[in-house]
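Summary of structural features
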Amino acid sequence: MASNFGRILSSKRNMGILSLVGAGSLTAGFLLTRDQHVNAGAQVRRKYPPSAEYPDLRKHNNCMASNLTPAIYAKLCDKATPNGFMLDQAIQTGVDNPGHPFIKTVGMVAGDEESYEVFADIFNPVIKERHNGYDPTNMKHPTDLDASKIKSGQFDERYVLSSRVRTGRSIRGLSLPPACTRAERREVERVVIDALAGLKGDLAGKYYSLTQMTEEEQQQLINDHFLFDKPVSPLLTCAGMARDWPDARGIWHNNNKTFLVWVNEEDHTRVISMEKGGNMKRVFERFCKGLQEVERLIKEKGWEFMWNERLGYILTCPSNLGTGLRAGVHVKLPLLSKDPRFSKILENLRLQKRGTGGVDTAAVGSIFDISNLDRLGQSEVQLVQTVVDGVNYLIECEKRLEKGQDIKIPAPISQFK
Amino acid sequence: MPFSNTHNQMKLKFSAEAEYPDLSKHNNHMAKVLTPAMYERLRSKQTPSGFTLDDVIQTGVDNPGHPFIMTVGCVAGDEETYEVFKELLDPIIQDRHGGYKPTDKHKTDLNPNNLKGGDDLDPNYVLSSRVRTGRSIRGFCLPPHCSRGERRAIEKLSVEALGALDGDLKGKYYALKNMTDAEQQQLIDDHFLFDKPVSPLLLASGMARDWPDARGIWHNDNKTFLVWVNEEDHLRVISMQKGGNMREVFTRFCTGLTKIEELFKNKGHAFMWNEHLGYVLTCPSNLGTGLRGGVHVKLPNLSKHAKFEEVLKRLRLQKRGTGGVDTAAVGGVFDISNADRLGFSEVELVQMVVDGVKLLIEMEKRLEKGQSIDDLIPAQK
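Residues numbered from 1 in each chain as written. Chains lettered and ligands numbered in written order. Predicted model: local features only at pLDDT ≥ 70, side-chain atom pairs only at ≥ 80, totals over all residues. Heavy atoms only, no water.

Considerations on the overall build of chain A
Check the secondary structure of chain A and you find 14 helices and 10 strands. Classification of the 417 residues of chain A by burial places 60% in the buried group. Here the analysis covers contacts within chain A between residues at least 6 apart in sequence; of these, 75% occur between residues at least 24 apart. Accessible surface, chain A as shown: approximately 17200 Å² in total, 53% of it carbon and sulfur. (Helix = DSSP H or I, 4+ residues; strand = E, 2+ residues; numbered from the N terminus. Buried < 20%, exposed > 50% of the residue type's maximum accessible area, 1.4 Å probe, protein only. Contact = heavy atoms within 4.5 Å. Areas by Shrake-Rupley, 256 points an atom, 1.4 Å probe, with all protein chains shown as cover.)

With respect to the packing of helix α8 (residues 148–163) of chain B against helix α11 (residues 246–266) of chain B
Residues and elements named next belong to chain B. Between α8 and α11, the shortest axis-to-axis distance is 9 Å and the interhelical angle comes to 120°. Between α8 and α11, the interaxial angle falls into the category oblique. Every pair of crossing elements has a handedness; the one defined by α8 and α11 is right-handed. Two secondary-structure elements touch here, α8 through Leu157, Ser158, Ala161 and Leu162 and α11 through Ile260, Leu263 and Phe264. Residues that form the contact of α8 with α11 fall into these classes: six nonpolar, one polar and no charged. (Axes fitted to C-alpha atoms, helices over the stretch in contact; angles between N-to-C directions. Parallel < 35°, antiparallel > 145°, perpendicular 65-115°, else oblique. Left-handed = near helix turned anticlockwise from the far one by under 90°. Nonpolar A, V, L, I, M, F, W, Y, C, P; charged D, E, K, R; others polar.)

Considerations on the sheet that holds strand β9 (residues 351–354) of chain A
All names here are of chain A. Pairing is antiparallel in the open sheet, where eight strands are placed in the order β2-β3-β4-β5-β1-β8-β10-β9. Each edge of the open sheet carries a strand with a single partner, namely β2 (205–209) and β9. Taking each pair of neighbouring strands and ignoring which way they run, the sheet shows an average axis angle of 20°. Pairing analysis gives four bridges linking strand β3 (residues 250–254) to strand β4 (residues 259–263), with the strands arranged antiparallel. Pairing of His253 across the sheet is with Leu260, part of β4. Helix-sheet contacts for helix α13 (residues 342–349) involve β9 and β10 (367–372), and the interaxial angle to β9 is about 130°. (Pairing = 2+ DSSP bridges.)

So, the nonpolar core
Counting 60 residues, the largest nonpolar core has Val227(B), Met246(B), Ile336(B) and Leu360(B) as its most contacted members. Sort the elements by how many residues they give to this core and helix α13 (residues 346–368) of chain B lands first, with 11 residues. Formed by 57 residues, the second largest nonpolar core is a distinct cluster that contains Ile171(A), Leu203(A), Val283(A) and Ile298(A). (Core = buried A, V, L, I, M, F, W, Y, C linked by side-chain atoms within 4.5 Å.)

Let's talk about the interface of chain B and chain A
On the chain A side, the residues contacting the 47 residues of chain B number 46 residues. Contact between chain B and chain A buries roughly 3700 Å² in total, counting both sides, with carbon and sulfur atoms accounting for 46%. Along the contact surface separating chain B from chain A lie three salt bridges. Between Asp88(A) and Arg148(B) there is a salt bridge; the shortest N-O distance is 2.7 Å. Put simply, chain B and chain A have 21 residue pairs in polar contact (both at pLDDT 80 or more) between them. Broken down by secondary-structure element, the contributors of at least two residues to the side of chain B that touches chain A are α1 (8–11), α2 (16–19), α5 (53–62) and α8 of chain B. Its residues assigned to classes, the side of chain B that touches chain A shows 18 nonpolar, 12 polar and 17 charged. (Buried area = accessible area lost by both parts, 1.4 Å probe. Salt bridge = Lys/Arg side-chain N within 4 Å of Asp/Glu carboxyl O. Polar contact = N/O pair within 3.5 Å; in protein donor to acceptor, adjacent residues only side chain to side chain.)

A look at the pattern of salt bridges
For side chains bearing opposite charge, pairing can occur when the charged atoms are close. The tally for this structure, following the rule as stated, stands at 60 salt bridges over all chains. For Lys257(A), the salt bridge goes to Asp224(A), with nearest N and O atoms at 2.8 Å. Placement of the pair is Lys257(A) in the loop between β3 and β4 and Asp224(A) in the loop between α10 (215–223) and α11 (234–237), with a sequence separation of 33 residues. A residue is classified by how much of its surface remains accessible, and Asp224(A), at 17% relative accessible area, is buried. A salt bridge links Glu232(B) to Arg236(B), with the nearest nitrogen and oxygen atoms 3.5 Å apart. One exposure class covers both Glu232(B) and Arg236(B), and it is buried. Members of the salt-bridge network, linked through shared partners, are Arg182(A), Arg185(A), Asp244(A), Lys11(B) and Asp54(B).

What about the domain arrangement of chain A?
Accessible area lost upon the coming together of the parts is a frequently used measure of interface size. Residues and elements named next belong to chain A. What the domain assignment reports for chain A is domain 1 (50–131) and domain 2 (147–403). Counting residues at the interface gives 23 residues for domain 1, matched by 25 residues for domain 2. With a shortest N-O distance of 3.2 Å, Arg310 and Glu117 are connected by a salt bridge. Taken together, domain 1 and domain 2 are joined by nine residue pairs in polar contact (both at pLDDT 80 or more). Every element with two or more residues in the side of domain 1 that touches domain 2 is listed here: α6 (87–96), α7 (115–118) and α8 (120–130). (Domains from an automatic or database assignment.)

Quick notes on the packing of aromatic side chains
To describe a pair of aromatic rings, one takes the distance between the centres and the angle between the planes. A complete count under the given rule lists 14 aromatic pairs over all chains for this structure. The interplanar angle of 80° and the centroid separation of 6.2 Å between the aromatic rings of Trp252(A) and Phe259(A) together place this pair among those described as edge-to-face. This pair shows no difference in class: Trp252(A) is buried, exactly as Phe259(A) is. Measuring from ring centre to ring centre gives 6.0 Å for Phe250(B) and Phe253(B), while their planes differ by 20°; the resulting arrangement is stacked. Of the two residues, Phe250(B) and Phe253(B) are both situated in helix α11; the distance of three residues between them amounts to about one turn of the helix. (Phe/Tyr/Trp six-rings, centres within 6.5 Å; stacked < 30°, edge-to-face > 60°.)

Considerations on unusual backbone geometry
In this structure, Pro246(A) follows Trp245(A) across a cis peptide bond, with omega equal to 0°. Within the secondary structure, Pro246(A) is located in the loop between α11 and β3. In this chain, Trp211(B) is followed by Pro212(B) through a cis amide linkage whose omega measures 0°. In this structure, Pro212(B) sits in the loop between α10 (200–203) and β3 (216–220). In this structure, Ser152(A) takes a positive phi of about 55° despite not being glycine. Position of Ser152(A) among the secondary structure elements: in the loop between α8 and β1 (160–169). If you check the backbone angles, Ala248(A) has positive phi at about 65° while not being a glycine. Along the chain, Ala248(A) falls in the loop between α11 and β3. Given the relative accessible area of 5%, Ala248(A) is considered buried.

Now the structure itself:
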């Protein structure tokens, strides 16, 4: 081991102190010295200048490709986070996946909390582009999980079939799915299921490890639409998040099947509150209560979630920063969906439509998945209220069209409140 | 990969037990050999270019097992991988290559004059003949680990070297990312075009990164000699033609390879080779000769015979479908090739194919006439 350190420390390329730990990051449990941090990712082998390594992005259409200039690449390519995560790893998914036909993908991921600092020169413009002008250098993100503030959160159930809110949370001090080692991933699993085991009342539940699930359990989870499978999307696999599958992956849900946590899929945790029908307020109440309880439980053991006031909750994909929140409904809109103004109405309400299978699926039987477009720059309460107000408006439109009345495109609502 | 897992020093903070992969449901060569104790001994090592144990085994961890074939489950990131991780790779090599010992020496023989016969395989049965191998350029990292800069340098060197070939080997390079639609269609029609790997065995090792950057296909004007650049290995070299003249195919193969090696040497680059492992390639299964010599042959009757598999085994041959590995035979036409790669020379392996296929055709003819083949069943080679 000593000789390995010697090799790394004698690397020709000098890694600047700038590549070190960024502001506001705790690395619980890691007692490494500064020298070791500096050289953790340094390579003895690089023989080519940045210009020879710069990826060919001419046919690419993603946020990373739009913003990663040769100059930025040259500046960042030899830097590493304290965990040794490097720029080429962060952008690999965007290099390997030139573009999605309908959606401009992000094209890069974080390997740890510090990625967003160390590679700020590329993450900041990507964040700004993806989050419609949110500037991490001079704006603050509000967090608000007080569900009592939601007004009119019960939808007409002749139209709304189900309601759902999801987000993600990362455990500070452990690397994110693209970069985590097996031991780190197992530690995430241990910390999370330990906390979930402390949930009580209507939140009490059980963990199903992907490696140990019985056939029956698996079938039940499929029937409940809870089971997630090994990612097949190259956007995810190229980022390295499917390594070692299914080791340390699993699903936890409460006995009532209304609160669900995915462990070690695309993020450390994905937290989902859902139920049939249109009581979005109750879904959001359970969501907030569950999140706050889990946070309390992990804090008892000395852990916390990754969060800072510029970027809110830190997740693997920059598209999920801030709240990481997608609140949505499955809603029947047979007439409105055929109206040529539908897209514009959604746009002005800051909503997006998806098919009932989720992202990249088609709507079946005029049932749409309608959810908030934004993630960062507005709080959870603000985003859920946006969905509540917006969906109520869409239902009003549908009702009017049923009666042969005309509808109006609403004025665009402002983004950063 | 040139990045992930280079934070090897960070991993050492966790116990070997905490990092050891769960191989309880796995069935590949790596999983058979890698004990927790071995993992502990090897995990702090890395090659001079930074390739680590986890880099070696990632594909085997991510792919528990293939339904029909015992996969290798590990790859090399550079020439030194085979030294630094000897403790893991030697037993895998031994198991995969029929008992080849760490002290054994591998013989290289690319003299086509040493091949006996092979120019008269019955064209009524043999539709085409082909010999392929791979070559790695010393001093560069292999596809699982190379950076974009390295891969481009390999492409540039290769294109320059191939550009100097002349006579019936004279040809042209088609870079995957610059190909016109017309060129692409022609290459597909010629069955030359390789596409981005889809097999999870390859993807999990990182060899498809940055596709299609610095990948391409070179072939001679006659379309009988073909080189793939930066697919699963630095170079894959293929000689092929319709019909049963394996001798001609092998002669062109040897001539071409020898010329290419000379051209690289003129530029100051040798191929990776040593007297124990022969030619060094990405997958341990391709060490030695890296050679697969085979034919597409019609064996509709023999393939249904109860002893077909046994005969192939004794002849040291393997069957594949006509799409190559992991495909099915169509219309009774099989891809029959040598099963071995290491421990036999190129001439010896092609000889086995030539002699073996001759025998298979004889058996097929007997069965056509309703006669027995019992007296033709060979002894184990």
